[in-house]
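Tertiary structure, described
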Amino acid sequence: MADKYTVLKKYFGYDSFREGQELLIDSILRGQDVLGIMPTGAGKSVCYQVPALMLPGITVVVSPLISLMKDQVQALNQAGVHAAYINSSLSEGQISKALYLASQGRYKIIYVAPERLESGEFMRFALGAHLSMLTVDEAHCISQWGQDFRPSYLKIVQFVRQLPRRPVISAFTATATEAVRDDIVCVLGLSEPQVLTTGFDRKNLYFGVEYPGKKEDYVRDYVKKHSEESGVIYCATRKAVEGVYEMLRKAGVPVARYHAGLDIETRVRSQEDFTYDRSPVMVATNAFGMGIDKSNIRYVLHYNMPQSMENYYQEAGRAGRDGGPAQCILLYSAQDVIVNRYLLESKGQNGEMGEEELRIMRERDEDRLRAMSGYCITKNCLREYILRYFGEYGSGPCGSCSNCHREYEERDVTKEAAKIIGCVQEMRQRYGINVVAGTLAGETRAKLQEYRVSEYRSYGSLKGWLETEIKEIISQMVLDGLLAQTVDKYALLRTTEFSQDVLLGNRKVILKTLKGQGGQGSGSGVKERKSDILNSRGLELFDLLRKLRTEAARSRGIPPYLIFSDKTLQEMCIRVPLSREEMLQIPGIGEYKYGQYGERFLEMVSEFTGGTREKFYFGQGPEEARNREKSGGAKAEFSLTRDQAETFPYQEKCLLPELAAAMSGFRNSARMKKITGAEIFRFLTDQKYVEEKYQEGRWKKLVLEAGTEAGMYCAPRTSRNGVEYEDIYYDEKAQRMIVAHYTEE
Ligand code: ADP
Ligand code: ZN
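Now for a description of the structure that goes with this document. (Residues numbered from 1 in each chain as written. Chains lettered and ligands numbered in written order. Predicted model: local features only at pLDDT ≥ 70, side-chain atom pairs only at ≥ 80, totals over all residues. Heavy atoms only, no water.)

**Comments concerning unusual backbone geometry**
- At Arg428, a position not held by glycine, the phi torsion is positive, near 50°.
- Along the polypeptide, Arg428 turns up in the loop between helix 17 (414-426) and helix 18 (433-441).
- Classification of Arg428 by relative accessible area gives exposed; the value is 60%.
- A positive phi is found at Lys688, a non-glycine position, where the angle reads about 65°.
- With respect to the helices and strands, the residue Lys688 is situated in the loop between helix 29 (677-686) and strand 19 (690-695). (Helix = DSSP H or I, 4+ residues; strand = E, 2+ residues; numbered from the N terminus. Buried < 20%, exposed > 50% of the residue type's maximum accessible area, 1.4 Å probe, protein only.)

Shown next, in the form of structure tokens:
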């Protein structure tokens, strides 16, 4: 039997497994059930497809969507694997034929919809066949806590019970919450499963929140600037989809649209136009999604704020599945919160739910919406915000999101914050942000007169501040836990146990505002990416290869990315393969694919280069290209040489950012990433030297036992703004340990 590395190389064209894949594959091959929780794009399919090819019998994959199955099967066939799907898009005759071929051992992998497991014909097939594995894709559909519960998923269990021999079960999902995870394990009846959650960070994605005055203008500019790329623009409503679609169409952009209000033919056509890159830009509601496996989506813009972080991360995560750089940008306006609240309120009004159930659901929805709004207004690192939401702590600022790129001015608003708290108390916590801010600003609109707010002492006590500014302070205080909002549609402001600290002067409140005027919405964080890696000749070659890919795809009637991903084409431009062997070295090109397409691409490369290897990229060398493959980013990972480590200027004690800066200053290439304090901190957290904990309303850094031993200790520190807090210091021994970790063997 071929080993897993051979299978990976031969069929998928990859040299190494990604984080987590190997563990799951090994477990499956040992006969242990597995549950893989991995973000979209992490590479779940490989986790079951590789063992499926190694196990003696057939693997049945349960998948919720027809389009998803079709895409997966096409991709497998392209890689030279015999696979088929069985679902309602086939005729009775086709189904019988497929099952017949399957029983003859023609297919290693069969995709089915959960409903199919009930059919007598399928059961007969299953009883007669040798099923080695049952794979449940999108396994969260089995949980009633999840967002897309499908009752038909419950049928899987009955199906397994009827089998004479229980196959190993592998389940996969991108949903991380504990309730869902427990449900999957219980309901599916996984026996002592190997559960693996990979990091939720998607390093190749850039995250941004923008606040454009006119969203349409922003979208038009953005799409025009990225005219060579494929992207999705998500809107909250059908009406917005139609509006943006028309606008782009008039601007001459090849664009498709998708929402539930279109008839099925139009939807299918739109999706195909998009998949086949005939219309590389898609404007859609969230109805467009789960079935999208297109790997070369280079950007996902959100025209409106989604209803939850789960939704956002799933939708945004459709960008960059091929591991190449991609951007996820959310266009925020305060109006979005109102629209979403309205949408949530109209949910569940069909009387199917009891009052109590409805209340719980509303509370949960409100909570989710609040976390989502927090993402849009936070001034801190967006990636860190996302990761914390999904339960990963201590990542620190990422250095590649719009907030990490912006420069902020910090303003001490402690006095104002105290007045706000005073006002909330004086009003006996009966009003929301609009009334409170209006009162403090001394506004006179009818609503405020009706509540007779001018009788409060706080009335007008922040005169001179704009109401929007006061609201901004309040939002910041809510994020910091100094005020809270009730979990209902009124969102009344309440004080918290920490409000007192502000009143007593024990805690400062700092408001971050953008440096300079009108900085917001200027598209700041959006930089040109493509040219980051390939130089102009490289881009020329890339374009030719892409055209070749499109032609090949068209003549076979398959989507271009199924032939080679953007990433693979880019890698061809970097490595300039001139022989079969060199072509097979490129990630994403297995033997079968080489047989199908390799020569044509080889010819194109030799024709373009005249057979001499040129350098088509910025940077240092192929070594770096390999590092880039690993990191998914544009630059090589940080490392020091032994010599550098020996001459490093160790200090008696220092803080992490200082150490990171000193280490970065020592690296020998501008094309190598800098190391950040946050990254080092993540390493130290992983190794259990330190820990970050949410205590008393804020994140605190703690030194664990191993950290103390290694020379780390906590000591008080005062920030530039006079806030006192504890930070971790590192003595020489600790510095040496850290530097050694980043030093090449
Ligand atoms: P998911 O189902 O988790 O969203 P996919 O299975 O679609 O992700 O994989 C995302 C992309 O990553 C695909 O293009 C796949 O070919 C690629 N990929 C998977 N495993 C590897 C690997 N070990 N090395 C390189 N690329 C990989
Ligand atoms: Zn960041």
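**Side note on the site of ligand 1**
- Of all residues adjacent to ligand 1, which total 14 residues, the nearest are Tyr14, Ser16, Gly41, Ser45 and Arg321.
- Arg18 has a polar side-chain atom sitting 3.1 Å from a nitrogen atom of ligand 1.
- Contact with the protein chains covers 86% of the free accessible surface of ligand 1, which is 570 Å².
- In the shell around ligand 1, the residues fall into five nonpolar, six polar and three charged. (Near = heavy atom within 4 Å. Polar contact = N/O pair within 3.5 Å; in protein donor to acceptor, adjacent residues only side chain to side chain. Areas by Shrake-Rupley, 256 points an atom, 1.4 Å probe, with all protein chains shown as cover. Nonpolar A, V, L, I, M, F, W, Y, C, P; charged D, E, K, R; others polar.)

**What to know about the coordination of the zinc ion (ligand 2)**
- Distances from the zinc ion (ligand 2) to its protein donors, Cys381 (SG), Cys398 (SG), Cys401 (SG) and Cys404 (SG), fall at 2.3 to 2.4 Å.
- Coordination at the zinc ion (ligand 2) is tetrahedral: its four donor atoms span angles of 100 to 118° at the metal.
- Look at where the donors of the zinc ion (ligand 2) fall in the sequence and you get C-x16-C-x2-C-x2-C.
- By relative accessible area, which is 21% here, Cys398 ends up partly exposed.
- In this structure Cys401 comes out as buried when scored by relative accessible area, which is 0%. (Donors = N, O, S within 2.8 Å, 3.2 Å for Na, K, Ca; no water. Tetrahedral: all angles 85-135°; square planar, octahedral: opposite > 155°, others 65-115°.)

**A look at the packing of helix 22 (residues 536-556) against helix 23 (residues 566-575)**
- For the pair helix 22 and helix 23, the least separation of the axes is 9 Å and the interaxial angle reads 135°. One element, helix 22, and the other, helix 23, form an angle in the oblique class. Taken as a pair, helix 22 and helix 23 cross one another with a handedness that is right-handed. Note on element contacts: helix 23 touches helix 22 through Asp566, Leu569, Gln570, Met572 and Cys573, opposite Gly538, Leu541, Phe542, Leu545, Arg546 and Arg549.
- Each residue belonging to the contact of helix 22 with helix 23 can be placed in one class, and the counts come to six nonpolar, two polar and three charged. (Axes fitted to C-alpha atoms, helices over the stretch in contact; angles between N-to-C directions. Parallel < 35°, antiparallel > 145°, perpendicular 65-115°, else oblique. Left-handed = near helix turned anticlockwise from the far one by under 90°. Contact = heavy atoms within 4.5 Å.)

**Some points on the side chain of Ser373**
- By the secondary structure assignment, Ser373 is in helix 14 (residues 355-377).
- Other than its neighbours up to four places away in sequence, Ser373 contacts Met305 and Val337.

**Here's the deal with helix 9 (residues 215-225)**
- Taken residue by residue, helix 9 has Lys215, Tyr218, Val219, Tyr222 and Val223 as its buried positions. All buried residues of helix 9 lie within an arc of 120° about the axis, which places them on one face of the element. (Arc of directions from axis to C-beta.)

**Notes on the sheet that holds strand 3 (residues 83-86)**
- Ordered in space as 3-4-2-5-6-1-7, the seven strands form an open sheet in which the pairing is parallel. Taken across any chain shown, the strands that pair with only one partner, and hence form the sheet edges, are strand 3 and strand 7 (194-197). The average angle at which neighbouring strand axes cross in this sheet is 15°, direction not considered.
- Bridge count for strand 1 (residues 34-37) against strand 7 is four bridges, and the pairing is parallel. Bridged to Val34 within strand 7 is Gln194.
- Where helix 7 (residues 155-162) meets the sheet, it contacts strand 2 (58-62), strand 5 (131-136) and strand 6 (168-173), and its direction lies at approximately 170° from that of strand 5. (Pairing = 2+ DSSP bridges.)

**Some details on the environment of Arg600**
- With respect to the helices and strands, the residue Arg600 is situated in helix 25 (residues 591-609).
- For Arg600, a relative accessible area of 35% gives the class partly exposed.
- With 117 residues separating them along the chain, Arg600 and Arg717 place their C-alpha atoms 63 Å apart.
- Excluding anything up to four places from it in sequence, Arg600 contacts Leu548, Ala552 and Arg556.

**Here we look at the pairing of strand 1**
- Of the two faces of strand 1, the one lined by Val34 and Gly36 and the one lined by Leu35 and Ile37 are each fully buried.
- Relative to strand 6, strand 1 is paired through four bridges, and the arrangement is parallel. Residue pairing in the sheet places Leu35 in a bridge with Ala171 of strand 6.

**Brief notes about the packing of aromatic side chains**
- Tallied over the entire structure, the rule returns 20 aromatic pairs.
- Members of the aromatic cluster, connected to one another through ring pairs, are Phe122, Phe125 and Phe159.
- Sitting over the ring of Tyr650, Arg736 keeps its end group 4.1 Å from the ring centre. (Phe/Tyr/Trp six-rings, centres within 6.5 Å; stacked < 30°, edge-to-face > 60°. Lys NZ or Arg CZ within 6 Å of the ring centre and 35° of its normal.)

**Describing the state of the cysteines**
- Enumeration according to the criterion identifies zero disulfides in this entry.
- Here Cys47 is not cross-linked by a disulfide; its sulfur's nearest cysteine counterpart is in Cys141, at 18 Å.
- Not part of a disulfide, Cys141 finds its nearest cysteine sulfur in Cys186, a span of 17 Å. (Disulfide = S-S within 2.5 Å.)

**Here we look at the environment of Gly289**
- Take Gly289: it is sitting in the loop between strand 11 (281-284) and strand 12 (297-302).
- Judged by its relative accessible area of 5%, Gly289 falls in the buried class.
- Sequence separation of Gly289 and Glu315 is 26 residues, and the distance between their C-alpha atoms is 7.1 Å.
- With sequence-adjacent residues up to four places away left out, Gly289 is seen in contact with Tyr234 and Arg318.

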